[in-house]
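Overview (structure and organization)
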Amino acid sequence: MRTVDDLEVAGRRVLVRLDLNVPMDGSSISDDGKIRACLPTLQALIDRRAAVIACSHLGRPAGAPDPRYTLAPVADRLARLLGRPVGFAADVVGSTARSAVAALRPGDLVLLENLRFEPGETSKDDEVRGELADQLASLAGAYVGDGFGCVHRKHASVYDVPARLPHAAGYLILAETAALRRLTSSIRRPYAVVMGGAKVADKLPVVNSMLGIADRILIGGAIAVSFLAAQGHSVGASLLEGDQEAARDYLAKAAARGVNLVLPTDVTVAAEGSGDAPRTVVSVTEIQPGQMVRDIGPQTAGLFASELTGARTIFWNGPMGVAEIPGFSAGTRAVAAALVDSDGFTMIGGGDTAAAIRRLGFTDDQFGHVSTGGGASLEYLEGKTLPGIAALEAECAVPAASSSRAVIGQAGGGGKVRDTVVTEPCGRP
Ligand code: ADP
Ligand code: MG
């Protein structure tokens with residue numbers, strides 16, 4: 001994969017796809033981790049005198065402008081973190097974006113409005129996506145992909161634009177894929193995987209593929225409930241998604257392959273509808289009707305911590321309980337502490353897991369790598385092809401002349417920008 005270091009950017013307009021899909025609380029940003037993760041690539045492009053056009057999605061607007069999902073607050077935060085002005089275009093490829101882009105000088109940065117205000121961004125129709133990709137590509141002379149959190153999406157700005165412009169991967173994608181490679185090849189063993197969280201249907205297949213790779217798999221969160229039910233335990237009023245047939249199948253596979261699949265022995269429960277109180281610890285054999293499993297219990301937390309001792313590689317996805325509520329965060333805290341104590345390589349994936357550890361007072365530098373992409377890292381580990389990575393690895397298929405319109409040349413002197421038609425090979429400069 002070509003890196004941003006290899007891309008000729010000075011005096012050129014460079015479109016950078018980022019993942020600035022930060023959690024919002026009304027119009028304020030509740031966690032700016034994803035914005036911070038973009039800074040190295042943006043700073044390098046600015047330092048190298050590129051005219052930077054940043055773009056991202058935010059939330060799930062329905063393919064039309066929706067003020068609830070504007071990226072305007074993100075532009076402000078970006079300006080504060082970079083310590084320099086950041087322009088903001090109030091549309092994606094409309095007249096505002098075009099004039100903002102035309103006014104860029106080397107070292108300037110503009111953020112386009114939410115890509116998902118355009119229906120073409122997420123369309124399943126190649127032609128519809130292609131039309132938006134043509135418009136986006138016409139804004140720039142080169143493309144940098146650095147939105148790791150969306151590389152598993154076949155979206156116009158992720159998949160179709162890099163086919164139309166000379167392209168390279170940014171530092172975040174390089175760091176994320178380098179960390180993930182440590183979990184897929186030349187793995188230092190024992191390799192322990194901790195799975196939790198609530199998206200059971202998404203996560204069961206990951207447990208399945210991990211059965212072929214990991215030495216031990218510890219299961220908490222709502223997925224544990226599916227496994228407990230599959231073992232024949234009553235799970236009361238707990239969140240029970242996903243099919244227990246699959247869970248039963250994985251238990252059998254783990255036994256056959258000698259993989260240590262570790263399930264909770266005790267759980268913290270709450271009465272249905274009681275919110276954060278009152279809570280009780282019960283053995284998994286004694287969950288009563290009307291009780292909901294909300295966290296792993298203290299005995300299980302100790303068991304998980306001891307299973308993690310001595311592991312030389314640990315991957316963790318999904319909180320052990322409803323960690324947003326302090327009374328149900330002990331299991332998540334115990335697993336985080338076990339990772340911090342580990343001498344092995346530790347990686348955390350998953351938006352809610354990362355947010356939970358930060359809320360509990362841990363910092364990213366206490367772990368080997370905290371991924372910005374939950375779904376993307378899980379799909380990578382499952383061995384799926386990620387469209388956004390495949391597009392960056394592919395050579396640009398479009399003839400040179402077609403990317404020439406919006407390439408800006410260096411003016412004769414003074415670093416001023418003017419529009420020139422530049423023809424160049426589409427690919428490594
Ligand atoms: P991530 O974003 O890290 O991949 P998920 O989105 O899968 O994690 O899951 C996070 C959610 O799982 C949290 O909102 C948490 O409250 C919920 N959760 C964890 N354990 C349970 C449980 N036992 N019952 C219900 N919800 C749970
Ligand atoms: Mg989540």
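One can find the structure itself at the top, above this paragraph.
Residues numbered from 1 in each chain as written. Chains lettered and ligands numbered in written order. Predicted model: local features only at pLDDT ≥ 70, side-chain atom pairs only at ≥ 80, totals over all residues. Heavy atoms only, no water.

**Digging into the packing of aromatic side chains**
Both the distance between ring centres and the angle between the ring planes are used here to describe each pair of aromatic rings. With the rule as written, the count across this model stands at 1 aromatic pair. Arg182 extends its terminal NZ or CZ atom over the ring of Phe345, reaching a point 3.9 Å from the ring centre. The ring of Phe328 has Arg294 lying over it, and the distance from NZ or CZ to the ring centre is 5.5 Å. (Phe/Tyr/Trp six-rings, centres within 6.5 Å; stacked < 30°, edge-to-face > 60°. Lys NZ or Arg CZ within 6 Å of the ring centre and 35° of its normal.)

**Quick word on the sheet that holds strand β6 (residues 109-111)**
Backbone-to-backbone hydrogen bonds pair the strands of a sheet. The strands run either parallel or antiparallel. Spatially, 6 strands are ordered β5-β6-β4-β1-β7-β8 in an open sheet, and the strand pairing comes out parallel. Single-partner strands in this sheet number two, and they are β5 (87-88) and β8 (167-169). With 3 bridges connecting them, strand β4 (residues 51-55) and β6 associate as parallel partners. Across the sheet, Ala54 pairs through a bridge with Leu111, a residue of β6. (Pairing = 2+ DSSP bridges. Helix = DSSP H or I, 4+ residues; strand = E, 2+ residues; numbered from the N terminus.)

**Structural notes on the site of ligand 1**
Looking at ligand 1, there are 18 residues lining it, with Ala198, Lys203, Glu324, Asp352 and Thr353 nearest. Interatomic distance of 3.4 Å between a side-chain N/O atom of Asn317 and an oxygen atom of ligand 1. Of all elements in the fold, only α8 (221-230) and α12 (351-359) reach the threshold of two or more residues within the shell around ligand 1. Counting residues per element, the shell around ligand 1 draws most heavily on α12, which supplies 3 residues. Residues of the shell around ligand 1, tallied by class, amount to 6 nonpolar, 8 polar and 4 charged. (Near = heavy atom within 4 Å. Polar contact = N/O pair within 3.5 Å; in protein donor to acceptor, adjacent residues only side chain to side chain. Nonpolar A, V, L, I, M, F, W, Y, C, P; charged D, E, K, R; others polar.)

Function cannot be read off these values alone, since they describe shape.
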